[in-house]
Amino acid sequence: MTTQSPASRSPGAQGEPAPQEAAVGVHRIDVTPVNAAANRKLYKAREPIYPKLVHGPFRAFKWVFLAFSLLVYYGLPWVRWPRAVGEPDQAVLVDFEGRRFYFFFIEIWPQEVYYITGLLIIAALSLFLVTSLFGRVWCGYACPQTIWTDLFIAVERFFEGDRNQRMRLDKAKWSPNKLARKLGKHIVWLLIAFATGGAWILYFHDAPSLARDFFLGQAPATAYIFAGILTFTTYSLAGMMREQVCTYMCPWPRIQGAMTDNETLEVTYRAERGEPRGPHRRGESWDGRGDCIDCKQCVAACPMGIDIRDGDQLECINCALCIDACDAIMVKIERPKGLIAYDSRANTQKRLGAAKRGTRILRPRTIYYAVALALVSVVMLVAFSSRSTIDLNVLRDRNPNYVQLSDGSVRNGYTVKIINKNNTEQTYRLTIDGPAGLSVSVVGAPDAGPEPEFTVGPDQVGRFRVYVTLPREALTAASLPLTFTVSETATQTEAVNPTMFQTGVGQ
Amino acid sequence: MSTPDNEREIDAVSGVETTGHEWDGIKELNNPLPRWWLWIFYACIIWAVIYMVFMPAIPGLPGAEGATRGLRNHSERVNVARDMAALEEARSVYFSRLTEADLSEIESDPELLTIALAAGESAFGDNCATCHGAGAQGARGYPNLNDDVWLWGGTLEEIRRTIRYGIRSEHMETRMGDMPAFGRDELLSREEVNDVAEYVLSLSGHSEDAAAVDRGAETFAAQCAVCHGDNAMGNRDLGAPNLTDTDWLYGGDRETVRETIWSARNSTMPAWESRLDDAVITALAVYVHSRGGGEED
């Protein structure tokens with residue numbers, strides 16, 4: 001640990017010289033929580049935050065989760081999945097040109113976009129449930145802003161060192177050393193940002209061929225534009241803006257207020273155990289004083305620039321890095337861990353004797369969210385598992401509405417669209433139910449007979465012209481009901497489309 | 001501006017100089033233009049100069065045709081010609097197949113049929129719909145192409161021939177049939193025309209005057225049966241319609257039939273050979289044939 005010069009002390013510490021040690025062997029960090037409400041003015045330029053590296057179970061979990069989620073994001077477009085001939089073999093692909101969404105064994109057509117809507121509803125309800133149980137863990141662990149910012153800070157640490165070295169480097173005059181470190185950091189940032197933007201576009205085209213075309217300058221302009229946009233946003237949001245995105249831009253911190261309650265587990269400083277805080281001297285008794293030695297390790301670790309000891313704050317993303325920082329100190333000074341921990345207001349009140357009940361996992365709010373989540377999931381699952389492999393769409397000609405033939409019979413034309421969602425070619429038999437005397441003919445197949453069969457290629461829409469003629473004696477009303485039914489000959493799966501026959505009677 | 005300092009008026013409230021104009025006691029402040037606005041204005045001027053260098057810009061200079069060409073040598077006319085050529089090129093793959101294919105093959109080949117129907121529908125909308133209607137449903141004097149009534153034949157080959165050479169057009173190979181204006185040209189008297197009309201109506205069961213029908217039948221046999229046939233079933237070589245069916249091109253009421261016999265109709269259709277290329281004409285024939293009334297060879 002390095003000693004700090006008096007000049008770098010925070011304004012709040014001026015006047016009385018702060019002791020260098022918070023306890024025996026524990027350095028007292030001179031740090032101001034720049035984002036704490038008391039220190040932040042309206043119309044104030046951003047003050048840089050230099051989060052200090054901590055070690056502990058939460059930090060370890062965050063590293064693992066970061067590696068896993070980035071691996072998924074960068075790697076997923078390269079995963080192959082065998083499909084029928086003529087279909088893309090990319091496991092996850094949003095194919096705008098072919099108008100399909102592929103996700104491993106699932107293939108969604110544009111008219112089935114409600115599955116995506118359902119997924120979004122499930123995602124939203126899951127977020128509500130998790131937030132009401134554990135606060136903003138999404139923000140602290142899973143949000144892309146947090147993950148990429150974490151990664152960018154790690155790069156920064158690699159080039160510029162940990163908190164103290166970074167602060168010193170920023171204050172130092174420009175030198176070849178400083179230039180090299182800053183340049184290296186920004187180059188790696190830009191490379192990561194470019195990889196992020198580049199990976200994004202791979203979800204929309206065949207990854208290997210698009211990647212090749214991209215570097216040969218032959219990819220479509222949209223590929224370059226979107227890669228550029230994502231490169232820019234990654235670089236600026238994760239590199240430059242960081243915690244400001246969460247504090248000023250993101251609506252989620254505001255919404256979370258409606259999700260959490262007294263029994264939500266949030267990162268909490270147990271003030272009743274920590275106060276009164278103050279430096280602990282060698283041999284001093286722990287009786288009559290709090291466990292907080294005011295070392296400010298929690299403040300130095302905070303990527304949001306707040307002091308968790310000020311209580312619940314809008315800026316807190318529940319990332320638990322302060323828990324790791326504090327626990328390490330507690331071990332060192334041989335006090336129990338958990339001065340800062342995931343805890344609820346209800347638990348705090350119970351410990352203070354103000355309430356009888358502590359945290360309940362099962363409470364109306366979590367039950368509502370869980371039930372809603374289960375309901376939507378079941379509906380989606382049923383809808384998906386009973387998803388039909390065929391679709392029938394019958395469009396009656398409107399121009400002309402009907403055609404009178406020379407013998408007095410009347411003919412209507414229909415465009416029949418059969419959607420084959422199988423990945424194999426299928427044959428479909430069309431039957432038309434209607435008044436007696438009805439006759440059917442198909443354009444391009446004069447010998448089709450009364451129950452024509454159509455072949456539709458794998459994963460395609462077949463479009464056929466069908467004429468229905470009714471003899472003069474069947475024309476009993478201005479319009480008569482007809483029912484078109486197609487049946488997949490291999491499986492006997494049916495799709496039905498009722499329609500009308502216009503006779504022209506009375507016109 | 002050039003107002004002397006001692007004449008400038010400063011607004012007491014805002015401390016800003018006024019323009020000196022006054023309307024009913026309301027004065028206009030002379031605020032400067034916002035800086036950002038000025039920068040955009042200057043940027044536009046610079047952009048205009050650059051644009052004039054690179055793009056066609058200054059008209060009427062001696063030596064320049066139309067306008068200065070600009071360094072990029074840009075021409076919308078050339079661009080359109082290039083796009084059209086690219087379109088023709090892209091289409092030619094399919095169109096050459098249409099031209100080469102035997103007519104009867106097209107309908108049994110699903111891919112060719114799809115191409116022909118798409119091209120035919122679009123060409124029909126551009127060229128034919130004006131008279132025959134967007135749905136080919138026809139109008140008075142313009143045949144309905146959806147039904148099974150054909151003046152000149154409803155097979156693919158006959159339809160293509162009609163489209164290619166037209167009806168009573170100026171083309172040498174045109175469909176030709178000429179009905180005399182029996183009344184106007186005084187070939188038949190007014191009474192005879194009325195009697196023939198009565199006979200024609202009786203063929204589809206629309207006459208009650210048996211005596212007139214009998215008189216008309218004689219005249220019909222002498223004057224009309226040459227083209228329309230002894231049994232009035234028509235003659236497609238001459239475009240003479242079948243008079244016994246329920247379909248009337250101009251109308252089946254008594255007055256209209258009399259008028260048709262009196263002054264004849266002889267409607268026309270242009271020859272499309274000189275306006276559309278062969279593949280489009282073939283596609284049109286397939287499209288019309290597919291409208292439901294097409295006949296097999």
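Keep in mind that what you see is a predicted model, and the values were worked out from it rather than measured.

Peer 1: Sorry, what's going on with the overall build of chain B here?
Peer 2: When its secondary structure is counted, chain B shows ten helices and two strands. The N-to-C order of helical and strand elements in chain B reads β-β-α-α-α-α-α-α-α-α-α-α. The C-alpha radius of gyration computed for chain B amounts to 35 Å, which surpasses the reference 19 Å derived for 297 residues by more than 25%, pointing to a less compact arrangement than a globule. Each of the three principal axes of chain B carries a C-alpha extent, and together these read 115 × 55 × 40 Å. The contacts in chain B between residues at least 6 apart in sequence include a share of 53% that link residues at least 24 apart. Just so you have it, chain B exposes about 18,300 Å², and 54% of that area is on carbon and sulfur atoms. Charged side chains of chain B number 24 positive and 51 negative; the gap between the two group centres comes to 5 Å.

Peer 1: It is not clear to me how unusual backbone geometry should be interpreted in this structure. Could you clarify?
Peer 2: Comment: phi is negative for the bulk of residues other than glycine, and the bulk of peptide bonds are trans. In this chain, A:Glu275 is followed by A:Pro276 through a cis amide linkage whose omega measures -10°. With respect to the helices and strands, A:Pro276 occurs in the loop between α11 (271-274) and α12 (297-301). Note that the residue after A:Asn399, namely A:Pro400, is joined by a cis bond; omega there is 5°. Topologically, A:Pro400 is positioned in the loop between β8 (390-396) and β9 (403-404). Look at A:Asp459: it is not a glycine, yet its phi comes out positive at around 60°. Relative to the helices and strands, A:Asp459 resides in the loop between β13 (453-456) and β14 (460-470). In this structure, B:Arg168 is a non-glycine residue whose phi angle is positive, near 50°. By the secondary structure assignment, B:Arg168 is in the loop between α5 (156-165) and α6 (190-203).

Peer 1: When you look at the domain arrangement of chain A in this model, what are you seeing that I'm missing?
Peer 2: It is common to give the size of an interface as the accessible area lost on bringing the parts into contact. What the domain assignment reports for chain A is domain 1 (144-251) and domain 2 (390-502). Put simply, the middle of domain 1 of chain A and the middle of domain 2 of chain A, counted by C-alpha atoms, are 58 Å apart.

Peer 1: How should I be thinking about the domain arrangement of chain B in this particular structure?
Peer 2: Each assigned domain of chain B is listed with its residue range as follows: domain 1 (5-54), domain 2 (87-171 + 279-297) and domain 3 (178-265). Computed over C-alpha atoms, the centres of domain 1 of chain B and domain 3 of chain B are 85 Å apart.

Peer 1: Looking at this structure, how should I read helix α4 (residues 144-160) of chain A?
Peer 2: The periodicity of an α-helix, 3.6 residues per turn, causes residues three or four positions apart to be oriented the same way. Residues and elements named next belong to chain A. Taking 1.5 Å of rise per residue, 17 residues should cover 24 Å, and α4 covers 24 Å from first to last C-alpha, within 8% of that figure. Burial analysis of α4 places 14 of its 17 residues in the buried class, the great majority of the element. Two residues or fewer past α4, Gly161 is found with a positive phi of approximately 90°.

Peer 1: I keep staring at the packing of α4(A) against helix α8 (residues 221-241) of chain A and nothing clicks. Help me out?
Peer 2: Each pair of packed helices gets described by two things: the angle between the helix axes and the distance between those axes. Residues and elements named next belong to chain A. Following both chains from N to C, one finds α4 and α8 inclined at 75°, their axes separated by 8 Å at the closest point. The orientation of α4 relative to α8 falls into the category roughly perpendicular. Packed against α4, whose contacting residues are Gln145, Trp148, Thr149 and Phe152, the element α8 presents Thr234, Tyr235, Leu237, Ala238 and Gly239 at the interface.

Peer 1: Please explain the confidence of the model for chain B as it appears in this structure.
Peer 2: In low-pLDDT regions, the fine details of the predicted coordinates are not to be read closely. For chain B, per-residue confidence averages 90 on the pLDDT scale, and 97% of positions sit at 70 or higher. In the model of chain B, helix α3 (residues 103-108) of chain B stands out as the element of lowest mean pLDDT, 84, in contrast to helix α1 (residues 35-54) of chain B, which has the highest, 95.

Peer 1: Looking at this model, I keep getting lost on the interface of chain B and chain A. Mind explaining?
Peer 2: In this assembly, 18 residues from chain B lie in contact with 14 residues from chain A. Where chain B abuts chain A, roughly 1,200 Å² becomes buried across the two surfaces, and 50% of that area is made up of carbon and sulfur atoms. When the buried area of chain B at its contact with chain A is split by residue, B:Asp148, B:Thr246 and B:Arg291 rank highest and sum to 33% of it. Remark: the boundary between chain B and chain A carries zero salt bridges. At the boundary of chain B and chain A, one finds ten residue pairs in polar contact (both at pLDDT 80 or more).

Peer 1: Just checking my understanding: could you explain the side chain of B:Asp245 for this structure?
Peer 2: One can find B:Asp245 in the loop between α8 (225-228) and α9 (254-263). The side chain of B:Asp245 is buried and forms no salt bridge, while B:Arg236, the nearest opposite charge, is found at 8.3 Å. Polar side-chain contacts of B:Asp245 include one of 3.1 Å to the backbone nitrogen of B:Asp247. Each residue touching B:Asp245, except ones within four places of it in the same chain, is listed here: A:Ser406, B:Val149 and B:Ser204.

Peer 1: Is there a simple way to think about the pairing of strand β4 (residues 100-103) of chain A in this case?
Peer 2: All names here are of chain A. Residues of β4 alternate between two faces, with Arg100 and Tyr102 buried on one and Phe101 and Phe103 left unburied on the opposite face. Where strand β3 (residues 92-95) and β4 come together, four bridges link them in antiparallel fashion. Counted as the bridge partner of Leu93 is Tyr102 from β4. Connecting β3 to the antiparallel partner β4 that follows it, the hairpin turn spans four residues, and Arg99 within it adopts a positive phi of roughly 55°.

Peer 1: Explain the pattern of salt bridges to me, please; I cannot follow it from the model alone.
Peer 2: Side chains that carry opposite charge are capable of pairing whenever their charged atoms lie near each other. Residues and elements named next belong to chain A. Considering all chains together, one arrives at 46 salt bridges over all chains under this definition. With a closest N to O distance of 3.3 Å, Glu107 and Arg100 form a salt bridge. Arg100 shares its class with Glu107; the two are buried. Across the pair Lys182 and Glu160 runs a salt bridge, and its minimum N-O distance is 3.3 Å. Of the two residues, Lys182 is situated in helix α6 (residues 176-202) and Glu160 in helix α4; the sequence distance between them amounts to 22 residues.

Peer 1: Even after reading the chapter, I still don't get the packing of helix α2 (residues 76-100) of chain B against helix α10 (residues 278-290) of chain B, so can you show me in this structure?
Peer 2: Residue and element names in this part refer to chain B. Packing of α2 against α10 brings their axes to within 8 Å, and their N-to-C directions diverge by 70°. When the axis of α2 is compared with that of α10, the two are roughly perpendicular. You can see that α2 and α10 cross each other, and the crossing is left-handed. The residues of α10 that touch α2, namely those facing Phe95, Leu98 and Thr99, are Asp278, Ala279, Val280, Thr282 and Ala283. Partitioning the contact of α2 with α10 into residue classes produces five nonpolar, two polar and one charged.

Peer 1: I tried to follow the side chain of A:Lys185 on my own but got confused; where do I start?
Peer 2: Residue and element names in this part refer to chain A. Mapped onto the elements, Lys185 comes out in helix α6. For Lys185, a relative accessible area of 5% corresponds to the buried category. Excluding residues within four positions of it along the chain, Lys185 makes contact with Val155, Glu156, Phe159 and Glu160.

Peer 1: How should I be thinking about the nonpolar core in this particular structure?
Peer 2: What tends to happen in soluble globular proteins is that the nonpolar side chains get buried as a cluster. Core analysis: the biggest nonpolar cluster contains 50 residues, and A:Val26, A:Val267, A:Ile293, A:Ile308, A:Ile333 and A:Ile340 have the highest contact counts within it. Top element by residues in this core is helix α13 (residues 321-332) of chain A. It accounts for seven residues. Excluding anything up to four places from it in sequence, A:Ile293 contacts A:Ala22, A:Ala23, A:Val26, A:Gly278, A:Pro279, A:His280, A:Trp286, A:Ile329 and A:Ile333. Ranked by size, the runner-up nonpolar core spans 37 residues in total, among them A:Tyr467, B:Ala101, B:Ala129 and B:Met269.

Peer 1: Got a minute to help me understand the packing of aromatic side chains in this structure?
Peer 2: Here the distance between the centres and the angle between the planes together describe a pair of aromatic rings. Evaluation of the coordinates by the stated rule reveals 29 aromatic pairs over all chains. Both rings, one in B:Phe41 and one in B:Tyr42, keep their centres 6.0 Å apart while their planes meet at 45°; by these two values the pair is tilted. With relative accessibility at 40%, the residue B:Phe41 sits in the partly exposed group. When the ring centre of A:Trp174 is taken as reference, the NZ or CZ atom of A:Lys178 above it lies at 4.5 Å. Sitting above the plane of the B:Trp262 ring, B:Arg190 keeps its charged end 4.3 Å from the centroid.

Peer 1: Can you help me understand the environment of A:Met500 in this one?
Peer 2: Residues and elements named next belong to chain A. In this fold, Met500 is placed in strand β16 (residues 494-502). It is 6.4 Å that separates the C-alpha atoms of Met500 and Ser479, two residues lying 21 residues apart in sequence. Residues in contact with Met500, not counting those within four places in the same chain, are Arg396, Asn412, Tyr414, Ser479, Leu480, Pro481 and Leu482.

Peer 1: Could you clarify how one ought to interpret the sheet that holds strand β15 (residues 479-488) of chain A in this entry?
Peer 2: Pairing between sheet strands relies on hydrogen bonds along the backbone, with the strands arranged either parallel or antiparallel. Residues and elements named next belong to chain A. Read across the sheet, four strands follow the order β13-β11-β15-β16 without closing on themselves; strand pairing throughout is antiparallel. Each edge of the open sheet carries a strand with a single partner, namely β13 and β16. Pairs of neighbouring strands in the sheet enclose a mean axial angle of 30°, with direction left out of account. Both strand β11 (residues 426-433) and β15 contribute to a ladder of six bridges, which runs antiparallel. Each residue of the ladder has a partner; that of Leu430, found in β15, is Val486.

The rules behind the values
Residues numbered from 1 in each chain as written. Chains lettered and ligands numbered in written order. Predicted model: local features only at pLDDT ≥ 70, side-chain atom pairs only at ≥ 80, totals over all residues. Heavy atoms only, no water. Helix = DSSP H or I, 4+ residues; strand = E, 2+ residues; numbered from the N terminus. Rg over C-alpha atoms; globule rule 2.2 N^0.38 Å. Contact = heavy atoms within 4.5 Å. Areas by Shrake-Rupley, 256 points an atom, 1.4 Å probe, with all protein chains shown as cover. Lys, Arg positive; Asp, Glu negative; His and termini not counted. Charge placed at Lys NZ, Arg CZ, Asp CG, Glu CD. Domains from an automatic or database assignment. Expected span 1.5 Å × (residues − 1). Buried < 20%, exposed > 50% of the residue type's maximum accessible area, 1.4 Å probe, protein only. Axes fitted to C-alpha atoms, helices over the stretch in contact; angles between N-to-C directions. Parallel < 35°, antiparallel > 145°, perpendicular 65-115°, else oblique. pLDDT = per-residue confidence, 0-100. Buried area = accessible area lost by both parts, 1.4 Å probe. Salt bridge = Lys/Arg side-chain N within 4 Å of Asp/Glu carboxyl O. Polar contact = N/O pair within 3.5 Å; in protein donor to acceptor, adjacent residues only side chain to side chain. Pairing = 2+ DSSP bridges. Left-handed = near helix turned anticlockwise from the far one by under 90°. Nonpolar A, V, L, I, M, F, W, Y, C, P; charged D, E, K, R; others polar. Core = buried A, V, L, I, M, F, W, Y, C linked by side-chain atoms within 4.5 Å. Phe/Tyr/Trp six-rings, centres within 6.5 Å; stacked < 30°, edge-to-face > 60°. Lys NZ or Arg CZ within 6 Å of the ring centre and 35° of its normal.

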